[in-house]
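An overview of the molecular structure
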Amino acid sequence: MIPAAGFGARFHDGGPKALVPLAGRPMLLHALERLAASGRVGGAVIAVPEGYEDAFHVALKRAPFSYALVEGGMTRRESVARAFAAANFETDDELVLVHDAARPLVDSIEVAAVVDAAEKTGAAIAGFSVVETIKRVSGGTVGETVPRRDLFAATTPQVFRVGLFRKALAKAEGAEATDDAELVERAGGAVTVVLTSRWNIKITYPEDLAWAEAFLGRSPA
Ligand code: CTP
Ligand code: MG
């Protein structure tokens, strides 16, 4: 499942962020190619903004596997819920992978590692250890320094057993969450973490695209 229905308000004042070109191709296409290269993803349900289906089909002419488009929701969580409802799972034991369209640099070997971990435990997410010192700030003044030893920045892919994710979505009853694992955590599920490269950035601000272009300049696409 690929949430790709955001407009990237922090990135630009324009169309869907997933269609923004990176090294000449839409960032969404980079993400799909890297998922396909993992050898562990065979198709996708992509949540896109209403009215942009044709633009996405054009951008995905060279998609590496079959895909379906669904209309996204007002929030990322809603977009994921709609993609999940549209996906045809054969059994509850299958794995479902969620990956942000806005993470076009994901490493294929690391994708496979997250899938492998989820195969064992039922739920696994990618991320990296926090390197900066994190401070809780209010009104421009530091309240406290948060010990960073246990802090982990959660990214995607996030992979879950279908039955577990269905229960977590039902239990969430529409409550907001900034990632998918949070729903599983709230439902009492244990989530395994897989440490990855810090290059798996989310293209959020314009400067992130410059980082991604620089990365691709020194790495085969
Ligand atoms: N997303 C989505 N549906 C939404 C909002 C976001 O499918 N209603 C997707 C985005 O397309 C993106 C991913 O969720 O692939 C992560 O979101 P983010 O990077 O925050 O993208 P935007 O929400 O588009 O950006 P912003 O928050 O700056 O507006
Ligand atoms: Mg957003």
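Residues numbered from 1 in each chain as written. Chains lettered and ligands numbered in written order. Predicted model: local features only at pLDDT ≥ 70, side-chain atom pairs only at ≥ 80, totals over all residues. Heavy atoms only, no water.

Some details on the layout of surface pockets
Approximately 960 Å³ is the volume found for the largest pocket. In terms of lining residues, the largest pocket is bounded by 40 residues, among which R10, D100, R103, K202 and T204 are the most central. Sorting the residues of the lining of the largest pocket by element identifies α3 (76–86), β7 (123–129) and β10 (152–161) as the ones contributing at least two each. Considering every element that reaches the lining of the largest pocket, the biggest residue donor is β10, with 5 residues. Of the volumes computed, that of the second largest pocket is approximately 520 Å³. As for the second largest pocket, its lining consists of 23 residues, and the residues nearest its centre are G42, G43, F89, L95 and V96. Counting only elements with at least two residues in the lining of the second largest pocket, the list comes to β4 (43–48), β5 (66–71), β6 (95–98) and α4 (108–121). A per-class count over the lining of the second largest pocket returns 16 nonpolar, 4 polar and 3 charged. (1 Å grid on protein atoms, 1.4 Å probe; cavity = no way out; pocket = protein on both sides within 12 Å on 5 of 7 lines; lining within 4 Å. Points joined across faces, edges and corners; volume = space filled by probe spheres on them. Helix = DSSP H or I, 4+ residues; strand = E, 2+ residues; numbered from the N terminus. Nonpolar A, V, L, I, M, F, W, Y, C, P; charged D, E, K, R; others polar.)

With respect to the environment of P64
Position of P64 relative to the elements: it lies in the loop between α2 (53–59) and β5. Using a relative accessible area of 37% as the deciding quantity, one classes P64 as partly exposed. Along the sequence, P64 and A85 sit 21 residues apart, while their C-alpha atoms lie 23 Å from each other. Once residues lying within four places of it in the same chain are set aside, the contact partners of P64 are L29, L32, E33 and A36. (Buried < 20%, exposed > 50% of the residue type's maximum accessible area, 1.4 Å probe, protein only. Contact = heavy atoms within 4.5 Å.)

Everything listed is a geometric property; what it means functionally is a separate question.
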